[in-house]
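So you can see what is in the structure, the chains are spelled out below.
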Amino acid sequence: MFISMSTIIGAVLFGGFLLWLHIEQSTAKRRKEELEREYARKEADRLARIKDKYSQR
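These numbers were taken from a predicted model, which means no experiment stands behind them. (Residues numbered from 1 in each chain as written. Predicted model: local features only at pLDDT ≥ 70, side-chain atom pairs only at ≥ 80, totals over all residues. Heavy atoms only, no water.)

(A) Representation of the overall build of the protein. Helices and strands together make up the secondary structure of the protein, namely one helix and zero strands. Taken over C-alpha atoms, the radius of gyration comes to 25 Å for the protein, far larger than the 10 Å a tight globule of 57 residues would show. Summarising its shape, the C-alpha atoms of the protein cover approximately 85 × 15 × 5 Å along the three principal directions. For the protein, buried positions account for 0% of its 57 residues. A total of about 5600 Å² of accessible surface is found on the protein, and carbon and sulfur atoms cover 64% of it. Mean positive and mean negative side-chain charge positions of the protein (12 and 8 charges, respectively) differ by 5 Å. (Helix = DSSP H or I, 4+ residues; strand = E, 2+ residues; numbered from the N terminus. Rg over C-alpha atoms; globule rule 2.2 N^0.38 Å. Buried < 20%, exposed > 50% of the residue type's maximum accessible area, 1.4 Å probe, protein only. Areas by Shrake-Rupley, 256 points an atom, 1.4 Å probe, with all protein chains shown as cover. Lys, Arg positive; Asp, Glu negative; His and termini not counted. Charge placed at Lys NZ, Arg CZ, Asp CG, Glu CD.)

Written out as structure tokens, the structure is:
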């Protein structure tokens with residue numbers, strides 16, 4: 001059975017592309033989760049300041 005060198009190179013490049021794609025997706029998912037946590041923390045701080053402002057009256 002004969003497999004040409006270009007077929008092997010193509011398979012390796014395609015595998016590398018799939019690995020890169022997987023890494024990019026997991027990185028994007030992690031970054032999205034970080035941004036959502038940061039937004040939730042800022043929103044909680046904002047609401048706490050509003051609550052403090054009206055409770056002091």
